[in-house]
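One letter stands for each residue in the lines below.
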Amino acid sequence: MMNLILFGPPGAGKGTQAARLIDEYKLIHLSTGDLLRAEIKQQTKLGLEAQTFMNKGELVPDSIVIGMIENKLDANPNAIGFIFDGFPRTIPQAKALDSLLERKKSPITRMLALQVEKQELIERLKIRAMESNRPDDQNPEVIENRIKVYEESTAPLIYYYKDQKKFSAIAGMGDVDDIFKRLCMEIEQL
Ligand code: AP5
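Bear in mind the structure is a predicted one, so any value in this text is a computation, not a measurement.

Considering the overall build of the protein
Right, so step 1: Secondary structure summary: the protein contains 10 helices and five strands in total.
Right, so step 2: Here the C-alpha radius of gyration of the protein, 16 Å, is about what a compact globule of 190 residues would show, namely 16 Å.
Right, so step 3: When its C-alpha atoms are laid out on the principal axes, the protein stretches across 40 × 40 × 30 Å.
Right, so step 4: Sequence separation of 24 or more characterises 75% of the internal contacts of the protein that already satisfy a separation of 6 or more.
Right, so step 5: Carbon and sulfur atoms make up 52% of the accessible area of the protein, which amounts to about 9900 Å² in all.
Right, so step 6: Charge centroids of the protein, computed over 26 positive and 28 negative side chains, lie 3 Å from each other.

And the structure:
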């Protein structure tokens, strides 16, 4: 199995590149952001609880997202691998993921971390705000907070995976196709 974490700050291109990678490598895409937005759309209890955090650009409690990922892993027993997008985002989430994958005897293969300058992230999210109706893109203060939360709570995961020798930095600026090629080159070496 190949289990990849596509990592990076809000607007780094995780979703964009995950869509291409699942096509190329036939992996299952698990995006906690997408799963949470689906819950909100269906107005479930979980969705309503998550919505208050997401609209402020804060992280949803670990127990909620870990439970969602556990369900999705169990629902895909024959997968040849997973791309985790937007998960894990905290050290407790990373430890929970390790335990869940231990059960499947298939640990994380690699964290691929997209490197994008802060100003470019803000620009990308502002542009998307004009086209989409994601509430957390609409307010510049919420965008700033999402980036701050990433820097404070999520970026430390880089060291968690560096310690395990499972970290790769990928240049995430420029053309989407070029970034995809860089990701593929890294994956081919695994
Ligand atoms: P989530 O849905 O994960 O959003 P995010 O991390 O804020 O990331 P984005 O979706 O904004 O960006 P992306 O990196 O996927 O980039 P994308 O490809 O979309 O999380 C949302 C919220 O849910 C969180 O704030 C939190 O509240 C909650 N949540 C989710 N997971 C959680 C967890 N594990 N724990 C706790 N809470 C959790 O691209 C962005 C834009 O840029 C697009 O318009 C795209 O077209 C464009 N773009 C992409 N690549 C390029 C490029 N190379 N050049 C120019 N434009 C580009």
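After that view of the structure, there is still more to cover.
Observations regarding the layout of surface pockets
Right, so step 1: In this structure, the largest pocket spans a volume of roughly 890 Å³.
Right, so step 2: If you trace the largest pocket, you find 43 residues lining it, with P10, K14, R89, R134 and R146 closest to the centre.
Right, so step 3: Breaking the lining of the largest pocket down by element, the ones donating at least two residues are helix 1 (14–25), strand 2 (28–31), helix 2 (32–41), helix 6 (118–131), helix 8 (140–154) and helix 10 (176–188).
Right, so step 4: The element that contributes the greatest number of residues to the lining of the largest pocket is helix 2, accounting for five residues.
Right, so step 5: The residue inventory of the lining of the largest pocket, partitioned by class, reads 16 nonpolar, 16 polar and 11 charged.
Right, so step 6: In this structure, the second largest pocket spans a volume of roughly 240 Å³.
Right, so step 7: Lining the second largest pocket are R37, I40, K41, Q51, M54, N55, N133, R134, P135 and D136.
Right, so step 8: Contributions of two or more residues to the lining of the second largest pocket are made by helix 2, helix 3 (45–56) and helix 7 (135–138).

So, the packing of aromatic side chains
Right, so step 1: Enumeration over the complete set of coordinates arrives at four aromatic pairs.
Right, so step 2: Judged by centre distance (5.0 Å) and plane angle (75°), the rings of Y160 and Y161 are edge-to-face. Assigned by exposure class, Y160 and Y161 land together as buried.
Right, so step 3: Put simply, the rings of F82, F84 and F87 touch in pairs and so form one group of aromatic residues.
Right, so step 4: Over the aromatic face of F180 sits the side chain of R20, whose NZ or CZ is 5.9 Å from the ring centroid.

Considerations on the site of the ligand
Right, so step 1: As a matter of local geometry, the ligand sits amid 30 residues, with T16, T32, E58, R89 and R128 nearest to it.
Right, so step 2: The separation between an oxygen atom of the ligand and a polar main-chain atom of G11 is 2.9 Å.
Right, so step 3: Between the ligand and R124 there is a distance of 3.3 Å, counted from a nitrogen atom to a side-chain nitrogen or oxygen.
Right, so step 4: Burial of the ligand by the surrounding chains reaches 86%, relative to a free accessible area of 1000 Å².
Right, so step 5: Put simply, the ligand lies in the largest pocket.
Right, so step 6: Elements that contribute at least two residues to the shell around the ligand include exactly helix 1, helix 2, helix 6 and helix 10.

Focus: unusual backbone geometry
Right, so step 1: Residues F87 and P88 are joined by a peptide bond in cis, for which omega reads -5°.
Right, so step 2: With respect to the element layout, P88 can be found in the loop between strand 3 (81–85) and helix 5 (91–103).
Right, so step 3: We note that Q43 has phi near 55°; this positive angle belongs to a residue other than glycine.
Right, so step 4: Note that Q43 resides in the loop between helix 2 and helix 3.
Right, so step 5: In the Ramachandran plot, K165 falls in the positive-phi region, its phi being about 60° despite a non-glycine side chain.
Right, so step 6: Inspection of the secondary structure assignment puts K165 in the loop between helix 9 (157–163) and strand 5 (167–171).
Right, so step 7: Judged by relative accessible area, which is 68%, K165 ranks as exposed.

Conventions used here
- Residue positions are given per chain, counted from 1 along the sequence in the order it is written.
- In view of the model being predicted, local features appear only for residues whose pLDDT reaches at least 70, and side-chain atom pairs are presented and counted only at 80 or more, with totals across whole chains, interfaces and linings using the full set of residues.
- Side-chain numbers here rest on the full set of heavy atoms in the structure, without hydrogens or water.
- What counts as a helix is a DSSP run of H or I of at least four residues, what counts as a strand is a run of E of at least two, and both are numbered from the N terminus.
- For this measure, only C-alpha atoms enter the radius of gyration; the expected value for a globule follows 2.2 Å times N^0.38, where N is the number of residues.
- We call two residues in contact when some of their heavy atoms are within 4.5 Å.
- Surface accessibility follows the Shrake-Rupley procedure with a 1.4 Å probe radius. Residue values consider only the protein chains on display as shielding.
- Charged residues are defined here as Lys and Arg on the positive side and Asp and Glu on the negative side; His and the ends of the chain fall outside this count.
- To locate a charge, take atom NZ for lysine, CZ for arginine, CG for aspartate or CD for glutamate.
- Residues are called lining when one of their atoms sits within 4 Å of a cavity or pocket point, these points coming from a 1 Å grid over the protein atoms alone, where a cavity is a set in which a 1.4 Å probe fits but cannot get out and a pocket is an open set with protein on both sides within 12 Å along at least five of seven lines.
- Grid points are joined across faces, edges and corners, and a volume is the space filled by probe spheres set on the points.
- Put simply, Ala, Val, Leu, Ile, Met, Phe, Trp, Tyr, Cys and Pro go in the nonpolar bin, Asp, Glu, Lys and Arg in the charged bin, and everything else, Gly too, in the polar bin.
- For Phe, Tyr and Trp, where Trp contributes only its six-membered ring, two rings pair if their centres lie within 6.5 Å, and the inter-plane angle classes them as stacked under 30 degrees, edge-to-face over 60, or tilted in between.
- Here the term buried applies to any residue with accessible area under 20% of the maximum for its type, exposed to any over 50%, and partly exposed to those in between, with areas from a 1.4 Å probe on protein chains only.
- Cation placement over rings: the criterion is NZ of Lys or CZ of Arg within 6 Å of the ring centroid and within 35° of the ring normal.
- The near set for a molecule or strand comprises every residue that places at least one heavy atom within 4 Å of it.
- We define a polar contact as two N or O atoms separated by no more than 3.5 Å, with the added condition that, inside protein, one atom must be a possible hydrogen donor and the other a possible acceptor, whereas residues neighbouring each other in sequence contribute only through side-chain atom pairs.
- For this analysis, a molecule is said to be in a pocket or cavity if more than half of its atoms are within 2 Å of the grid points defining it.

The analysis is restricted to geometry; functional conclusions fall outside its scope.
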